[in-house]
Amino acid sequence: MSLFPASLPKKGSTFDIAIAVALLAAAEAVSPFSCAGLTLVGELGLDGRMRAIPGVLPAVLASANAGCQTVVVPRANAAEARLVPDIEVVPVASLRELLCLLRDEPPPTEDDQPEQASTHYGMDGLAPRCPDRRTDLDLTDVRGQAEARRALEISAAGGHHLFFSGPPGCGKTMLAERLPTLMPPLEPEAALEVTAIHSVAGTLPPDQPMITKPPFHAPHHTATRAAIVGGGSGRVLQPGAVSLAHRGILFLDEAPEFQGGVLDALRQPLEEGEVRLSRVEGTARFPARFTLVLAANPCPCAAAKQMDCSCAPGIRRKYTSRVSGPLLDRIDLKLELTPASRAELRYDLEFAESSEVVAERVLNARERAVKRLSGTPWRTNSEIPGPELRRHFTPSGEAMRAADEALQKGTLSARGLDRVLRVAWTIADLADREEPGDDDIGGALALWNGRWT
Ligand SMILES: Nc1ncnc2c1ncn2[C@@H]1O[C@H](COP(=O)(O)OP(=O)(O)O)[C@@H](O)[C@H]1O
Ligand SMILES: [Mg+2]
Ligand SMILES: [Zn+2]
């Protein structure tokens, strides 16, 4: 059997009920007029029950955009489908129930119904990976580390990429995992985008149809290139980690341990905010606008103190070079951490600001940026394209002196200057200043120049 249009490849079980209803209409079991203008999506079990499918949200969005007014979905997908405004959602539990609806007959009684299918998708053995929803983390857990906390705050406020290096045990993972606690909830449009991606990926938490928090996605360093940027075997294209982290954070812990090519594959989505996957049938695109956070030990032996390191210089160099120059060039904030002192670990508790306090400043800074950027498609400083930045957002000459000097000395590239300027705006926003001053630019420069051994 072929489905119109035949030139478009189709996959999965999404079309089961549409096919079933078309056959029933052809057999005159239902009137073809009763299904006119209906969108039907869902998988059909052999017992006639309707099973949940991934990708309901984008399917319903597309139907609404195509002018369709009613969509029939498996009951377990109803909450997700109802996120789309201006379209009537008709949830059904079985083909039988749908038949009754189409024939204007009373619905089947409970006894006639097959047992309710679970919300989980029919992809056997593949339990959906829910986006991280830990709520027990707080910045107060971190003692000392003032600079690293400040870098987290700047990253959260402006969406700037971040790299923590330093010896094992100094708190890199701990700090990175607390970045989401500083970020404001997603705005409605972003929430819908994020939810649509997770709907396609089958990673929507069943009890929470709309994702409202920025995702935090931390793939293990054994992840394949396809798992990171997306892809998959044959015609089945799956969004990768870069898309699951859309509008949130992609955290690559132990960055140099990732397989060859994986880190460099991040450059294209980092530049374009979306990922392009080539297939015989053409190019697929998934949104991929994320904040990248990297963490790394300075060498593979993971000695806690440099003097205990047993790595030959060549080995160390090879290890650090795995986070390549071109990738480092795209990271705004680079920080080399040292372990918190014993005094800090013991006494700093009462001075440590909570996530709530910092998140408040982040929100204020973001509101400032949104106001300044009103009338543009950008919401955060990190999104402002280079030419636009240079035309409209270059601070006065006096403040730019340090940056100009670095440019002349060749320690700062043109791309670097753009990144430094964006971060300087975020630092000014956090301080409630109209425009970055020389201190803000100096601070941004220092973070840009952070060492990676
Ligand atoms: N500044 C700190 N404040 C509180 N605990 C810390 C700090 N630094 C390290 N720790 C403790 O050390 C453990 C290891 O930290 P971790 O973030 O895993 O280090 P890294 O990722 O740099 O190897 C943490 O779970 C925490 O218990
Ligand atoms: Mg770690
Ligand atoms: Zn070593």
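Our subject is the structure that appears above.
Read on for a plain summary of the structure.

Definitions and cut-offs
- Sequence order as written defines the numbering, with residues in each chain counted from 1.
- For naming, the first written chain is A and the first written ligand is 1, with later ones following in the order written.
- Restriction of local features to residues with pLDDT of at least 70 applies here, the model being predicted, together with a cutoff of 80 or more for giving and counting side-chain atom pairs; totals for whole chains, interfaces and linings are based on all residues.
- Working from all heavy atoms in the structure, the side-chain values ignore hydrogens and water.
- For the purposes of this entry, the term helix denotes a DSSP run of H or I that reaches at least four residues, the term strand denotes a run of E that reaches at least two, and both are numbered from the N terminus.
- Burial classes: relative accessible area under 20% of the type maximum marks a residue as buried, over 50% as exposed, and values in between as partly exposed (1.4 Å probe, protein chains only).
- Two strands qualify as a pair provided that DSSP identifies no fewer than 2 bridges between them.
- Listed donors are limited to N, O and S atoms within 2.8 Å of the metal, widened to 3.2 Å for Na, K and Ca; water is not among them, so incomplete-looking sites are possible.
- Tetrahedral means four donors with every angle between 85 and 135 degrees, whereas square planar (four donors) and octahedral (six donors) require angles over 155 degrees between opposite donors and between 65 and 115 for all others; sites fitting neither are termed irregular.
- For this analysis, a salt bridge means a side-chain nitrogen from Lys or Arg found within 4 Å of a carboxyl oxygen belonging to Asp or Glu.
- Helices are assigned an expected span. That span is 1.5 Å times one less than the residue count.
- Note on definitions: a residue-residue contact is assigned when non-hydrogen atoms from the two residues lie within 4.5 Å.
- We call a residue near a molecule or strand when any one of its heavy atoms sits within 4 Å of it.
- Between N or O atoms, a polar contact is any pair within 3.5 Å; within protein, one atom must be a potential hydrogen donor and the other a potential acceptor, and residues adjacent in sequence are included only when both atoms are from side chains.
- Nonpolar residues are Ala, Val, Leu, Ile, Met, Phe, Trp, Tyr, Cys and Pro. Charged residues are Asp, Glu, Lys and Arg, and all others, Gly as well, are polar.

1. Quick word on unusual backbone geometry
The general pattern is negative phi for most residues beyond glycine and trans for most peptide bonds. Although it is not a glycine, Gln-145 sits at a positive phi angle of roughly 55°. Locating Gln-145 in the fold gives a position in the loop between α4 (95-102) and α5 (146-158). By relative accessible area, Gln-145 is classed as buried at 10%. Phi at Asp-432 takes a positive value of approximately 60°, unusual for a residue other than glycine.

2. What about the sheet that holds strand β6 (residues 162-165)?
Strands sit in the order β7-β10-β13-β6-β14 across an open sheet of five strands; the sheet is parallel. The open sheet has two edge strands, β7 (216-217) and β14 (333-336), and neither has a second partner. Two strands pair when backbone bridges link them, and β6 and β14 are joined in this way by four bridges, in the parallel orientation. In the sheet register, Ser-165 faces β14, and the bridge partner there is Glu-336.

3. Structural notes on the coordination of the zinc ion (ligand 3)
Around the zinc ion (ligand 3), the donor atoms from the protein are Cys-299 (SG), Cys-301 (SG), Cys-309 (SG) and Cys-311 (SG), and they sit 2.2 to 2.4 Å away. Bound by four donor atoms, the zinc ion (ligand 3) shows angles of 104 to 115° at the metal and therefore tetrahedral coordination geometry. Look at Cys-301 and you get partly exposed, because its relative accessible area is 29%.

4. Considering the pattern of salt bridges
Counting across every chain of the model gives 25 salt bridges. For the salt bridge of Arg-103 with Glu-105, the shortest nitrogen-to-oxygen distance reads 4.0 Å. By relative accessible area, which is 37% here, Arg-103 ends up partly exposed. Its relative accessible area of 39% is what places Glu-105 among the partly exposed residues. Across the pair Arg-361 and Glu-153 runs a salt bridge, and its minimum N-O distance is 2.7 Å. Of this pair, Arg-361 sits in helix α14 (residues 355-372) while Glu-153 sits in helix α5; the two residues are 208 residues apart in sequence, bridging distant segments of the chain. Note on Arg-361: relative accessible area 27%, which makes it partly exposed. Each of the salt bridges in this network shares a partner with another, and the network as a whole consists of Arg-150, Glu-153, Glu-353 and Arg-361.

5. A word on α5
With 13 residues, α5 should reach 18 Å at 1.5 Å per residue; the first-to-last C-alpha distance of 18 Å fits that figure. Most of α5 sits out of view: 10 of its 13 residues are buried. Buried within α5 we find Ala-148, Arg-149, Ala-151, Leu-152, Glu-153, Ile-154, Ser-155, Ala-156, Ala-157 and Gly-158. Phi turns positive one or two residues past the end of α5, at Gly-159, with a value near 75°.

6. As for the environment of Trp-452
Relative to the assigned elements, Trp-452 resides in the segment after α18 (438-448). Between the C-alpha atoms of Trp-452 and Thr-320, which are 132 residues apart in sequence, the distance is 7.5 Å. Not counting residues within four places of it along the chain, the set of residues in contact with Trp-452 comprises Phe-163, Ser-165, Pro-256, Ala-296, Asn-297, Pro-298, Thr-320, Val-323 and Leu-328.

7. Section: the site of ligand 1
Around ligand 1, the structure places 14 residues, and the nearest of them are Arg-143, Gly-169, Lys-172, Thr-173 and Met-174. The separation between a nitrogen atom of ligand 1 and a polar main-chain atom of Arg-143 is 2.8 Å. Between Gly-171 and ligand 1, the recorded distance is 3.1 Å, taken from a backbone N or O atom to an oxygen atom. Residues of the shell around ligand 1, tallied by class, amount to seven nonpolar, four polar and three charged.

Limitation: the analysis is restricted to geometry and does not speak to function.
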